[in-house]
Amino acid sequence: MKNMYKKPWFGFTEDKVFGEVMSNKEFCKHVLQGILPELAIEDIYFSHKQEEINDPEHYDQKDVRLDILVEDYNHNLYNIEVQTTNTDDIARRMRYYAAKADQRYTLKKGSTYRNLKNVYIIFLCSFNLAEKKPIKSKYLTINYDNQTDVLQDGLTKIIINSNGIPSGNETKTLLNLVKLMKNLPISGDAYFDIAQNRIKEINSDEKWRDMIMDYETKLLEREQDAEERGLKRGIEKGINQGMQQGIQQGIQQGIRQGIQQGIEQGTKEGKKKEKLIGIKKLILALKDFGGNDQQILQRLEKDYGDSFSKEELEKFLKES
């Protein structure tokens, strides 16, 4: 019997593939110049991939892992990130990444704020947004009452939406980048030829495929651990809220009821969040294996129909 299993294709937006392809200095520079044609990028220092930024003195702060970090010869700093899932927090995520980049890279001791490097936070988003957006959206810090007044803080945030609407002002390189994000063929550009060939090589190399699968498995395990910790914190928070409520009432029975309600509320909130994450992962996995919307919806109804309505599941599918 013919083997019906189809190996998933690891495209440009897969973390490891993205890091490997963008580590090509010339290709990385070519992409940056296509995104920012107004800049004259002479050359770039060799890029850093999967650069982790943490603060040992403040262990309770969230660490970040930058996908690609590049500095050009004019000391502009570029952080390029891939986002394949809409977590509804991109704006604040960009803000935090910019803060972490400043913390580590933009100002040395003994320098003044005038020496602060320009920072470009660039997010490549491959998911469908609820509202129609252009392919490229550029954000600066502006005066709310006078939007022609731009605060010269040196921070630029850019979102590239592969499902966006062309404005007619995109460079050919940017349009090719969108194609690469969507796994579409590109011709007539030597830099993208190199990128496409490297992606094919990675997918043909069993060692690379094993490494990617192992990496994704570890990420999934890390997310599951985080979900469990979140569930535990939710329960603890519920218990504390219940105890406080009971103490304020001054009745022992109120304390017991408050604790029980807190446990139930925390457990319910934690499980619902866990199910939502599971739904998103299931949709993406089924799409990778070639499932159409009808097949995916049937699977969602089978696995999650007791927790969500068909309309809610259709909404999750559309958003993913």
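Before reading on, note that the structure itself is shown above.
Before going into details, it helps to say that this report is about the structure given with it. (Residues numbered from 1 in each chain as written. Predicted model: local features only at pLDDT ≥ 70, side-chain atom pairs only at ≥ 80, totals over all residues. Heavy atoms only, no water.)

## Quick word on the packing of aromatic side chains
Using the criterion set out here, one finds five aromatic pairs in the structure. A ring pair is formed by Phe 12 and Phe 18, whose centres lie 5.1 Å apart and whose planes are at 70°; its orientation type is edge-to-face. Of the two residues, Phe 12 and Phe 18, both sit in the buried class. Ring centres of Tyr 97 and Phe 123 lie 5.8 Å apart, and the angle between their planes is 65°; this geometry places the pair in the edge-to-face category. Of the two residues, Tyr 97 sits in helix H3 (residues 90–106) while Phe 123 sits in strand S4 (residues 119–125), which places them 26 residues apart along the sequence. Residue Tyr 97 is classed as buried on the basis of its relative accessible area, which comes to 9%. (Phe/Tyr/Trp six-rings, centres within 6.5 Å; stacked < 30°, edge-to-face > 60°. Buried < 20%, exposed > 50% of the residue type's maximum accessible area, 1.4 Å probe, protein only. Helix = DSSP H or I, 4+ residues; strand = E, 2+ residues; numbered from the N terminus.)

## Let's talk about the environment of Gln 261
Tracing the chain through its elements places Gln 261 in helix H7 (residues 252–288). Residue classification places Gln 261 among the partly exposed positions, given a relative accessible area of 44%.

## A closer look at the environment of Leu 180
Counting through the fold element by element, Leu 180 comes out in helix H4 (residues 172–181). Taking C-alpha positions, Leu 180 is 8.1 Å from Gly 11, a pair spaced 169 residues apart along the chain. In this view, Leu 180 contacts Phe 12, Phe 27, Ile 186, Phe 192, Ala 195, Gln 196 and Ile 199; residues no more than four positions away in its chain are not counted. (Contact = heavy atoms within 4.5 Å.)

## Comments concerning the side chain of Glu 71
As for its placement among the helices and strands, Glu 71 is situated in strand S2 (residues 64–71). The exposure class assigned to Glu 71 is buried, which follows from its relative accessible area of 17%. Side-chain polar atoms of Glu 71 contact the side chain of Lys 117, separated by 3.2 Å. Sequence-distant contacts of Glu 71, defined by excluding residues within four places in its chain, comprise Ile 44, Tyr 45, Asn 76, Leu 77 and Lys 117. (Polar contact = N/O pair within 3.5 Å; in protein donor to acceptor, adjacent residues only side chain to side chain.)

## Regarding the nonpolar core
Of all hydrophobic cores here, the largest spans 38 residues; its most connected members are Phe 12, Ile 35, Ile 122, Leu 124 and Ile 160. Counting residues in each nonpolar core, the second largest holds 14 residues, with Ile 90, Met 94, Tyr 97 and Ile 121 among its members. (Core = buried A, V, L, I, M, F, W, Y, C linked by side-chain atoms within 4.5 Å.)

## Let's talk about a negative patch on the surface
A surface patch of like charges, here negative, comprises Glu 301, Glu 311, Glu 312 and Glu 314. Of all the elements, helix H9 (residues 310–319) adds the most residues to the negative patch, at three residues. Mapped onto the elements, Glu 314 comes out in helix H9. Given the relative accessible area of 37%, Glu 314 is considered partly exposed. (Patch = residues over 30% accessible without salt bridge, like charges linked within 9 Å, V, L, I, M, F, W, Y side chains within 5 Å. Areas by Shrake-Rupley, 256 points an atom, 1.4 Å probe, with all protein chains shown as cover. Salt bridge = Lys/Arg side-chain N within 4 Å of Asp/Glu carboxyl O. Lys, Arg positive; Asp, Glu negative; His and termini not counted. Charge placed at Lys NZ, Arg CZ, Asp CG, Glu CD.)

## Here we look at helix H8 (residues 293–304)
Here H8 is twelve residues long and its end C-alpha atoms lie 16 Å apart, about the 16 Å a rise of 1.5 Å per residue gives. Of the positions making up H8, those classed as buried are Ile 296, Leu 297, Leu 300 and Tyr 304. Viewed end-on, H8 has its buried residues packed into an arc of 100°, placing them on one side of the element. Facing away from the buried surface of H8 by more than 90 degrees, the exposed residues are Gln 294 and Lys 302. (Expected span 1.5 Å × (residues − 1). Arc of directions from axis to C-beta.)

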